[in-house]
Amino acid sequence: MGFEHYFGDDMKTILLSIATGQNLANLIPALQIQPDEVWILATGKMKADADRLKRLLKQHQCPSRVIDFDDSDLTTLERESEKFAEELDGNCVIFNATGGTKQMALILAESLRSWLETNEQSDAFKILYADTAHQRIDWLYPEKRSEPMKDLLSLEDIVGIQGFQLRNISSRQEAWIEQVEARSALTRALADKVKPLSPFLGTLNSLVQQALSGKNGFNPRQEFDHRPGREPAEILKKAGDCGLLTWDGNLAIRFADEDAARYLGGIWLEEFAFLKLRGCKAKDFVINPILLAADGQTKNEMDALVVHRNRLLAIECKTARFGRDGGKDADIMYKLDSLSQRAGGLMHERWLLSARPLNEASLNRAKNMKIHVIAGEEIRDFHKQVMAWMNQ
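Residues numbered from 1 in each chain as written. Predicted model: local features only at pLDDT ≥ 70, side-chain atom pairs only at ≥ 80, totals over all residues. Heavy atoms only, no water.

Student: What am I meant to see in the side chain of aspartate 303 here?
Tutor: By the element assignment, aspartate 303 lies in the loop between β14 (299-301) and β15 (304-308). Here aspartate 303 sits buried without a salt bridge, and the closest side chain of opposite charge, lysine 318, lies 5.2 Å off (N-O distance). Here cysteine 317 takes part through its backbone nitrogen, which lies 2.7 Å from a polar atom of the side chain of aspartate 303. Filtering out sequence-adjacent residues up to four positions away, aspartate 303 remains in contact with Glu270, Val286, Ile287, Asn288, Pro289, Ile315, Glu316 and Cys317. (Helix = DSSP H or I, 4+ residues; strand = E, 2+ residues; numbered from the N terminus. Buried < 20%, exposed > 50% of the residue type's maximum accessible area, 1.4 Å probe, protein only. Lys, Arg positive; Asp, Glu negative; His and termini not counted. Salt bridge = Lys/Arg side-chain N within 4 Å of Asp/Glu carboxyl O. Polar contact = N/O pair within 3.5 Å; in protein donor to acceptor, adjacent residues only side chain to side chain. Contact = heavy atoms within 4.5 Å.)

Student: I keep staring at the pattern of salt bridges and nothing clicks. Help me out?
Tutor: Once their charged atoms are close, side chains differing in charge can pair, the charge on each being opposite to the other. Within this structure, the stated rule accounts for 27 salt bridges. Note that arginine 278 and glutamate 181 form a salt bridge whose closest N and O atoms lie 2.8 Å from each other. With arginine 278 in helix α10 (residues 258-280) and glutamate 181 in helix α6 (residues 174-182), this pair connects stretches of sequence that are 97 residues apart. A relative accessible area of 35% means that arginine 278 is categorised as partly exposed. The exposure class assigned to glutamate 181 is partly exposed, which follows from its relative accessible area of 38%. Between arginine 262 and aspartate 259 there is a salt bridge, with its nearest N and O atoms 3.7 Å apart. With a gap of 3 residues between them, arginine 262 and aspartate 259 both fall in helix α10, about one helical turn apart. According to the relative accessible area criterion, arginine 262 is partly exposed, its value standing at 38%. Judged by relative accessible area, aspartate 259 falls into the exposed class, the value being 52%. When salt bridges with common partners are traced through the structure, they connect Lys126, Glu143, Arg145 and Glu147 into a single cluster.

Student: Would you explain the sheet that holds strand β4 (residues 92-96) in this entry?
Tutor: The 7 strands lie next to each other as β3-β2-β1-β4-β5-β6-β7, forming an open sheet whose pairing is mixed. In the strand order of this sheet, the two ends are held by β3 (64-68) and β7 (145-148), each with one partner. Across the sheet, the mean angle from the axis of one strand to that of its neighbour is 25°, orientation sign disregarded. Here 4 bridges tie strand β6 (residues 136-141) to β7, and the two strands are oriented antiparallel to one another. Looking across to β7, one finds that isoleucine 137 is bridged to glutamate 147. (Pairing = 2+ DSSP bridges. Axes fitted to C-alpha atoms, helices over the stretch in contact; angles between N-to-C directions.)

Student: Can you walk me through the packing of aromatic side chains in this structure?
Tutor: Given two aromatic rings, one states the distance between the centres and the angle between the planes to describe the pair. Summed over all chains, the structure comprises 6 aromatic pairs. Residues tryptophan 176 and phenylalanine 274 carry aromatic rings whose centres are separated by 5.0 Å and whose planes lie at 90° to one another, so their mutual orientation is edge-to-face. On the criterion of sequence distance, the pair formed by tryptophan 176 in helix α6 and phenylalanine 274 in helix α10 is long-range, its members being 98 residues apart. Seen from their ring centres, tryptophan 351 and phenylalanine 382 are 6.3 Å apart, and the 80° between their planes marks the pair as edge-to-face. One end of the pair, tryptophan 351, is in strand β17 (residues 348-354); the other, phenylalanine 382, is in helix α13 (residues 382-390), with 31 residues separating them in the sequence. For the residue pair tryptophan 351 and phenylalanine 382, the accessibility class agrees, reading buried in each case. (Phe/Tyr/Trp six-rings, centres within 6.5 Å; stacked < 30°, edge-to-face > 60°.)

Student: It is not clear to me how the nonpolar core should be interpreted in this structure. Could you clarify?
Tutor: General note: in soluble globular proteins, nonpolar side chains tend to be found buried as a group. In this structure, Phe255, Trp268, Ile315, Leu353, Ile379 and Phe382 are the most contacted members of the largest nonpolar core, which totals 54 residues. Element by element, the count of residues in this core is highest for α10, at 12 residues. Dropping the residues within four chain positions of it, leucine 353 is found in contact with Leu269, Ala273, Ile315, Glu316, Cys317, Lys318, Ile374, Ile379 and Phe382. Counting 53 residues, the second largest nonpolar core, distinct from the first, contains Ala19, Ala42, Ile158 and Ile332. (Core = buried A, V, L, I, M, F, W, Y, C linked by side-chain atoms within 4.5 Å.)

Student: Would you explain the sheet that holds strand β9 (residues 221-223) in this entry?
Tutor: Hydrogen bonds along the backbone pair up the strands of a sheet, which may run parallel or antiparallel. Pairing in this open sheet of 3 strands is antiparallel, and the strands run β9-β11-β10 from one edge to the other. Looking at the sheet topology across the chains shown, the edges are occupied by β9 and β10 (245-247). Put simply, the sheet's adjacent strands are angled 25° from each other on average, direction ignored. The pairing of β10 with strand β11 (residues 252-255) spans 3 bridges and is classified as antiparallel. Pairing of leucine 245 across the sheet is with phenylalanine 255, part of β11.

Student: Whenever I open this one, the environment of glutamate 78 confuses me. Can you help?
Tutor: Tracing the backbone shows glutamate 78 in helix α3 (residues 74-87). Put simply, glutamate 78 and leucine 108 are 30 residues apart on the chain and 7.7 Å apart in space, counted from C-alpha to C-alpha.

Student: Can you walk me through the side chain of serine 17 in this structure?
Tutor: Summarising the element assignment, serine 17 is placed in strand β1 (residues 13-18). When residues no more than four places from it in sequence are discounted, the contact partners of serine 17 are Asn26, Val38, Trp39, Ile40, Leu41 and Asn96.

Student: Even after reading the chapter, I still don't get unusual backbone geometry, so can you show me in this structure?
Tutor: With omega at 0°, the peptide bond leading from tyrosine 141 into proline 142 counts as cis. With respect to the helices, strands and loops of the structure, proline 142 is situated in the loop between β6 and β7. At glutamine 135, a residue that is not glycine, the phi angle is positive and equals roughly 55°. Its location among the elements puts glutamine 135 in the loop between β5 (125-131) and β6. Accessibility expressed as a relative area gives 9% for glutamine 135, which makes it buried. In this structure, asparagine 168 is a non-glycine residue whose phi angle is positive, near 50°. Inspection of the secondary structure puts asparagine 168 in the loop between β8 (165-167) and α6.

If you want it as structure tokens, here you go:
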């Protein structure tokens, strides 16, 4: 539904927004209202954020302009507000009061309202507030009402408005998907039996690390200290059927190649997440993307990103045991917490998907950082928890 819903069709509709470090609150109303043009007011500190918002709007074929706005003191703020009120004369104006300081929003609103009333255009002015926490747009003036936010944003929109670009997305490559599907039975078996397999997975992780860090390069032949039991033996046979390794039936295994070793050392959990997320039918998701920062140089890896109803879910997948190295455990959570906040803004959650139970210290750290943990045999219900998050 376009701007005709908010005004008549005989005047140009301008959406006036104040650039902020959380520009989803500006992007969503713009895409939902579809004005003729978006005017983005940018203070000196918010110029880069304003430019990112303009680029995103252009990708959605929404015309916009960035306008410098001086808020250095109250007198200047009032003068700037009056100037913009005059420039907007003759247009229908929707003011998004979500961004900026309270003083800026109040003075702009009053200046616009007074100017339009003086020129007998009071019906051509509306004020809204984007309540991202409750997924709604609140209309504050002249009538008070609310409407739900539409499900509008892609992953590229959410990370893009925060200054990131997605790169090297494995899960959008046909060859990668075919490989995942070819060994999906093994992946599901590892997840289904993750509790009894826990000691074996730890041993297998160690053998993979030894194979990948050999003095003379990749060393595919490795040996168990003890002959694997019944359930580990079943996994090794399935891995052999998939061409990932050969096993002599006793102590020795030989990985097919480095990629096969990495799969058995933990990549299987990322592929499990892919299979379950695909079944959940979220709006969009990616596995193992690279997040390229605004500087064009800094790269960060994430195991999984999901978007649904304009919200970002960041997921870290781990098969190693927590509790051996407290510093390393903390780094994993700090990275997840920091990167998800920077990439998702206000509308994000972060989850830790762990094949093995967490120790008490790690659980407490996750709780303090508001990281949702799905660990051990709980991973079998991963899809149910994703569905619950989607329906929130």
